[in-house]
Amino acid sequence: MNEQTSGAGWPASVLVTGATSGIGLATVLLLARQGRQVIGTARSQDKADALARTARDQGLALDVVVMDLTDPASCRKAVAEVADLTDGGPHALVANAGIPLTGAITDPSEDRIREIMEVNVVGTLRMCTLVLPSMRRRGRGRIVAVSSASARIPAPMSGWYSASKHALSAATHSLRMETRRYGVQVVLVEPGAVATPFWARAQDDLPALTATDTGAYDRVARLLARIQRSAGGPQPVARTIARALSAPRPRRRYTVGLDAHLGTALQYATPLWLSDHLKSRLFALHTPAATAPAPAGQTSDG
């Protein structure tokens, strides 16, 4: 079935979280062009209005609901609104919403760590839980979870992000086996680097962390800026999501992007000592960090 001419085929209604920018925005616009009933989520009314205008300017029909993925009551309210807009609930969910967290494992605040786990793991799986009852009643449904190649390619200074996406990937695999008996298919999409506002947000944590290790975080900032300049747009990921939704027998996992394919292949083919060494050099962690001077009158031996 051609993606651009599939019309209003199954799934007729699709709920997409994190639909106001990046992969989510590209996905809702593509699905709306295919003639599906698309409902996107936005975290604020201003963002919801902006998304609705974008769709309207392109002549596309698109519903938007306001939802805070970290608030269980807000998620339940949003799913109830979606049920009213559809025939009792969406035929498919694209669990796309996610946030970055940059920094060494020991450096971010516990509030930021809890936030990334709440958004990328707990809130995302909460949405899966909330849409499943209507899918079970129909005996058919599809969930596409958007993870990241970082789930399988951990690197310095992004450990919490990789941990959150690795957890989402593992939970998605379990969910797929648990829901198959209800006629619900669960698919995982793992994109590589994509040019979206994500990379700018990934740098928001750096100013508060540079005092910990200025050299390393300066290097991280340069790497993030380079990735943002060289990465492709989100459209290939959106097209992959559309395929995962419409394929009669979707693959269990879709890896998107040359960097993601090469990175995962090298991660599993390379000995850990060599992989660690190469990544450490990339992030300028291969030389000992400078240590703070001992207080006056005290030797370094204490």
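Residues numbered from 1 in each chain as written. Predicted model: local features only at pLDDT ≥ 70, side-chain atom pairs only at ≥ 80, totals over all residues. Heavy atoms only, no water.

Asker: How do you make sense of the packing of aromatic side chains when you look at a structure like this?
Answerer: Geometry of an aromatic ring pair is reported as the spacing of the ring centres plus the angle between the planes. One pass over the structure, following the stated rule, counts zero aromatic pairs. The aromatic ring of Tyr-182 is capped on one face by Arg-136, whose charged end is 4.5 Å from the ring centroid. Taking NZ or CZ as reference, Arg-140 lies 4.0 Å from the ring centre of Trp-10, over its face. (Phe/Tyr/Trp six-rings, centres within 6.5 Å; stacked < 30°, edge-to-face > 60°. Lys NZ or Arg CZ within 6 Å of the ring centre and 35° of its normal.)

Asker: Where do I start with helix H9 (residues 235-246) in this structure?
Answerer: Given 3.6 residues to a turn, an α-helix orients residues that are three or four positions apart in the same direction. In a regular helix each residue adds 1.5 Å, so 12 residues correspond to 16 Å; H9 covers 17 Å between its end C-alpha atoms and thus fits that length. Burial in H9 covers these residues: Val-237, Ala-238, Thr-240, Ile-241, Ala-242, Ala-244 and Leu-245. Close packing links the buried residues of H9 with strand S1 (13-16), helix H1 (22-33), strand S4 (92-95), strand S5 (141-146), strand S6 (184-191) and strand S7 (253-256). (Helix = DSSP H or I, 4+ residues; strand = E, 2+ residues; numbered from the N terminus. Expected span 1.5 Å × (residues − 1). Buried < 20%, exposed > 50% of the residue type's maximum accessible area, 1.4 Å probe, protein only. Contact = heavy atoms within 4.5 Å.)

Asker: I tried to follow a nonpolar patch on the surface on my own but got confused; where do I start?
Answerer: On the surface, Leu-258, Leu-262 and Leu-266 cluster together into a nonpolar patch covering about 330 Å² of accessible area. Within the secondary structure, Leu-258 sits in helix H10 (residues 258-269). Residue class for Leu-258 comes out exposed when judged on its relative accessible area of 63%. (Patch = residues over 30% accessible without salt bridge, like charges linked within 9 Å, V, L, I, M, F, W, Y side chains within 5 Å. Areas by Shrake-Rupley, 256 points an atom, 1.4 Å probe, with all protein chains shown as cover. Salt bridge = Lys/Arg side-chain N within 4 Å of Asp/Glu carboxyl O.)

Asker: Is there a simple way to explain the nonpolar core in this structure?
Answerer: Inside soluble globular proteins, nonpolar side chains tend to come together where they are buried. Ranked by internal contacts, the top residues of the largest apolar core, which has 31 residues, are Val-16, Val-28, Val-94, Val-144, Ile-241 and Leu-245. Per-element accounting of this core gives the leading share, seven residues, to H1. Residues Val-65, Leu-93, Met-127 and Val-184 belong to the second largest nonpolar core, which totals 27 residues. (Core = buried A, V, L, I, M, F, W, Y, C linked by side-chain atoms within 4.5 Å.)

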